[in-house]
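Understanding the architecture of this molecule
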Amino acid sequence: MTVAEAMRLEGRTALVTGASRGIGRQAALTMAAAGATVVLAARSAEDLEEVAAAARDAGAPDALVAVTDVLDEAAIEATVSGAVETTGRLDVVVNVAGGQGFTAPVADTRTDGWDKVLSLNLRSVFLGCRAAIANLPPGGSIVNVASIAGFTATPGLAAYGTAKAGVIALTRTLAVEAAPLGVRVNCLAPGWVRTELTRRMWSDPETSRALVAQVPLGRWGEVEELAGPLLLLASDAGSYITGATLVVDGGLLA
């Protein structure tokens, strides 16, 4: 089998959470372009319908919309069960949903804000992994999206960084637990990538210059540049990779 053949996902089903925009949208289109049937989970039905149409255009045999609140345990379990029932299988799960809607030093962070960020970025991944693991066949894979914030200090984003560090730790442990099942579990950790979530940073010239100054490649990443790394972890091309975190950051952590 060639590398190109190993990266194809024909006959498989991929579930992507947070699929309505940004990295999640790109993850869905990446799975679609590789030939997978995709199940798209997020809260916005309208946005998901747009992504579903784009996924079919990209090559997905089908793209199914699953309006889901990733903080709702029953909803996550229903989405996973529905993916299996509707498509007959589940092979790849990409947990992307996350974010932090505020910046604040630790001393000024309210407890409810901390709890919300931890729930959105870590609890949701736990729920997605737990629901998926019993439904994935040997050769199946989970890819959790973390961040370089899980490795380094992120002033103003302590809750986000803490949650992403937790995602990395969860990924490692689950990889060991899932290995006897033949299921791989890995993590993708993007650096400064240009999305709607980071718009307030890349759209401000002074802030953008300060951030890019830390990046050896000297620029922001684009969501399309996550496609190759994601597909490597999700497909048979990465069949001997598990428990790993693949950092895609333009050299920032080097």
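Here we summarise the structure given alongside this text. (Residues numbered from 1 in each chain as written. Predicted model: local features only at pLDDT ≥ 70, side-chain atom pairs only at ≥ 80, totals over all residues. Heavy atoms only, no water.)

The next subject is the overall build of the chain. Across its full length, the chain carries nine helices and nine strands. Computed over C-alpha atoms, the radius of gyration of the chain comes to 17 Å, within 12% of the 18 Å expected from 2.2 N^0.38 for 254 residues, which places it in the range of a compact globule. Principal axes of the C-alpha set define a box for the chain whose edges measure 50 × 40 × 40 Å. Within the chain, counting contacts between residues at least 6 apart in sequence, those at least 24 apart form 72% of the total. (Helix = DSSP H or I, 4+ residues; strand = E, 2+ residues; numbered from the N terminus. Rg over C-alpha atoms; globule rule 2.2 N^0.38 Å. Contact = heavy atoms within 4.5 Å.)

A word on the nonpolar core. Formed by 34 residues in total, the largest nonpolar core has its most connected members in Val16, Met31, Val38, Leu40 and Val94. Going through the elements one at a time, strand E1 (13-17), helix H2 (22-33), strand E2 (37-42), helix H3 (45-58), strand E4 (92-95), strand E5 (141-145) and helix H9 (227-234) are the ones with two or more residues in this core. Discounting residues that sit within four places of it in the chain, Val94 has contacts with Leu15, Val16, Thr17, Ala27, Met31, Val143, Val145 and Leu230. (Core = buried A, V, L, I, M, F, W, Y, C linked by side-chain atoms within 4.5 Å. Buried < 20%, exposed > 50% of the residue type's maximum accessible area, 1.4 Å probe, protein only.)

Time to look at the packing of aromatic side chains. Two descriptors summarise a pair of aromatic rings, namely the distance from one centre to the other and the angle between the planes of the rings. Counting across every chain of the model gives one aromatic pair. Summarising the aromatic geometry, the rings of Trp192 and Trp220 are spaced 5.9 Å apart at their centres and angled 65° between planes, so their arrangement reads as edge-to-face. Of this pair, Trp192 sits in the loop between strand E6 (184-190) and strand E7 (193-194) while Trp220 sits in the loop between helix H8 (205-212) and strand E8 (221-222), and the two are 28 residues apart along the sequence. Look at Trp192 and you get partly exposed, because its relative accessible area is 23%. Here Arg194 stacks its cationic end above the ring of Trp202, 5.4 Å away from the centre of that ring. (Phe/Tyr/Trp six-rings, centres within 6.5 Å; stacked < 30°, edge-to-face > 60°. Lys NZ or Arg CZ within 6 Å of the ring centre and 35° of its normal.)

So, about the pattern of salt bridges. A side chain with one charge can pair with a side chain of the opposite charge if their charged atoms come near. In this structure the tally under the stated criterion is 11 salt bridges. A salt bridge links Arg89 to Asp91; the shortest N-O distance between them is 2.7 Å. In this structure Arg89 comes out as partly exposed when scored by relative accessible area, which is 36%. By relative accessible area, which is 5% here, Asp91 ends up buried. (Salt bridge = Lys/Arg side-chain N within 4 Å of Asp/Glu carboxyl O.)

As defined by bridge partners, E2 adjoins strand E3 (residues 63-67) across five bridges and the pair is classed as parallel. Following the sheet pairing, Ala42 is matched in E3 by Val67. In terms of handedness, the path from E2 via H3 over to E3 forms a crossover that is right-handed. (Pairing = 2+ DSSP bridges. Right-handed = clockwise from strand over helix to strand, strands pointing away.)

Read across the open sheet, the seven strands follow the order E3-E2-E1-E4-E5-E6-E9; overall the sheet is parallel. At either end of the open sheet lies a strand with only one pairing partner, and these are E3 and strand E9 (245-248). Going from strand to strand, the sheet's axes swing by 15° on average, the running direction of each strand aside. As paired strands, E5 and E6 are joined by five bridges and run parallel to one another. (Axes fitted to C-alpha atoms, helices over the stretch in contact; angles between N-to-C directions.)

Between helix H4 (residues 73-87) and helix H5 (residues 111-133), whose axes approach to 9 Å, the crossing angle comes to 40°. With respect to each other, H4 and H5 are oriented oblique. Note on packing geometry: the crossing formed by H4 with H5 is right-handed. Only Arg123, Leu127, Gly128, Arg130, Ala131 and Ala132 of H5 make contact with H4, whose side of the interface consists of Glu73, Ile76, Glu77 and Val80. Of the residues assigned to the contact of H4 with H5, the class counts are five nonpolar, one polar and four charged. (Parallel < 35°, antiparallel > 145°, perpendicular 65-115°, else oblique. Left-handed = near helix turned anticlockwise from the far one by under 90°. Nonpolar A, V, L, I, M, F, W, Y, C, P; charged D, E, K, R; others polar.)

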